[in-house]
Amino acid sequence: MKYSLFTLAMMAALLLYCCTNPSSSNMDKEITPLSGSAVAIDDTTVDGLIVYYPQFGRLDLVCGTMPDKQDTSVIFCAEAAFTHELLDTFAHSNIDGDHVSGGKRYQGARCEDNSGAFAWFGDTTWEFVHGEYGELLDSVAAAGGMGFGQAVIIHGGESIRPLWREKYDTDGSAVNQYRALCEKDGRLCIVDSRDQVEYSTFVALLERLAPTHALYLDMGAGWNHSWWRDGQGKVHEIHPAADKSRYCTNWITFYK
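Here the structure is a predicted model, which means the values were calculated and not measured.

Moving on to helix α3 (residues 199-209). When we look at burial in α3, the residues that qualify are Y199, F202, V203, L205, L206 and L209. Considered in projection along α3, the buried side chains sweep an arc of 160° and stay on one side of the axis. Check the buried side of α3 and you find it contacts β2 (49-54), β10 (152-155), β12 (179-184), β13 (187-193) and β14 (213-216).

Here we take up the sheet that holds β10. Ordered in space as β1-β2-β13-β12-β14-β10-β11, the seven strands form an open sheet in which the pairing is antiparallel. Single-partner strands in this sheet number two, and they are β1 (39-42) and β11 (158-159). Sheet topology places β10 next to β14; two bridges connect them, and they run antiparallel. Paired with V152 across the bridge in β14 is L215. Across the sheet, α3 touches β2, β10, β11, β12, β13 and β14, and the angle it forms with β10 is around 20°.

Approximately 180 Å³ is the volume found for the largest pocket. Lining the largest pocket are F82, T83, H84, E85, L86, D96, C111, D113, D218, M219 and W223. Here the residues of the lining of the largest pocket sort into five nonpolar, two polar and four charged.

Moving on, we come to the pairing of strand β7 (residues 116-120). Of all five residues in β7, five are buried, a share of seventy percent or more. The two faces of β7 match: G116, F118 and W120 on one face and A117 and A119 on the other face are all buried. Connecting β7 to the antiparallel partner strand β8 (residues 126-130) that follows it, the hairpin turn spans five residues, and G122 within it adopts a positive phi of roughly 80°. Sheet analysis places β7 next to strand β9 (residues 146-150), joined by five bridges and oriented antiparallel. Each bridged residue has a counterpart across the sheet, and for A117 the counterpart in β9 is G149.

On to the side chain of H99, then. Looking at the secondary structure, you find H99 in strand β5 (residues 99-101). H99 gets classed as buried once you look at its relative accessible area, which sits at 0%. Polar side-chain contacts of H99 include one of 3.0 Å to the backbone oxygen of G97.

Moving on to empty space enclosed by the protein. Applying the stated rule across the entire model yields one cavity of 30 Å³ or more. As a volume, the largest cavity reaches approximately 30 Å³. If you go around the largest cavity, the residues you meet are A117, F128, V129, V152, I154, H155, H213, A214 and L215. A per-class count over the lining of the largest cavity returns seven nonpolar, two polar and no charged.

Calculation rules
Residues numbered from 1 in each chain as written. Predicted model: local features only at pLDDT ≥ 70, side-chain atom pairs only at ≥ 80, totals over all residues. Heavy atoms only, no water. Buried < 20%, exposed > 50% of the residue type's maximum accessible area, 1.4 Å probe, protein only. Helix = DSSP H or I, 4+ residues; strand = E, 2+ residues; numbered from the N terminus. Arc of directions from axis to C-beta. Contact = heavy atoms within 4.5 Å. Pairing = 2+ DSSP bridges. Axes fitted to C-alpha atoms, helices over the stretch in contact; angles between N-to-C directions. 1 Å grid on protein atoms, 1.4 Å probe; cavity = no way out; pocket = protein on both sides within 12 Å on 5 of 7 lines; lining within 4 Å. Points joined across faces, edges and corners; volume = space filled by probe spheres on them. Nonpolar A, V, L, I, M, F, W, Y, C, P; charged D, E, K, R; others polar. Polar contact = N/O pair within 3.5 Å; in protein donor to acceptor, adjacent residues only side chain to side chain.

Any functional reading would require information that these geometric values do not contain.
Below is the structure:
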């Protein structure tokens, strides 16, 4: 088959554009919900990670009882702050760290692992903090929002060293499926490891994803029980409930 010089020149220009245009990169692709779902899912940008982007209208930290799957306004929920002890009755003092739920601040248990916090101000703004976060919780409570403390993984694009749980990697007890609340390209998302990995491996995968901020979310059998809702209203469990799920105390909850 013969081509004119003009056609060959156009083909060469098109090939050069596709190879150099950043928008053609998988890392920069637009993530859109599937089938009208309020949750967009990206499981291809970084092999080993599953990223959930809730298309939410508001957030809260639900405490005491996990959000009901019959509440169709809930589109995603997952355990957030650590639970201090395995108690059969709920108390805000059993959530690790002070926290804000429904615009009200509560005193939680002391937790040395909490190195920062996340807060949502009840409008369209949120904040990730590395370090002391008492003033942040005061501000977010006054704004009618929510917030909780956790272990900081990445802040302002920089990985926090030493890594939380790093000491456990040497004896294998840190092998788990991990989860983080992240800000990526100006959007909030929940990032899960696809498989059981060492914590340091999960951090390395997050570094490849390159979120601006990443905050650990409580995991482990029972605490990893979580779910999201598709465009048809069907609930999808990410991890099934387990016996210890009855001890869970708080959930970051995304609403339509």
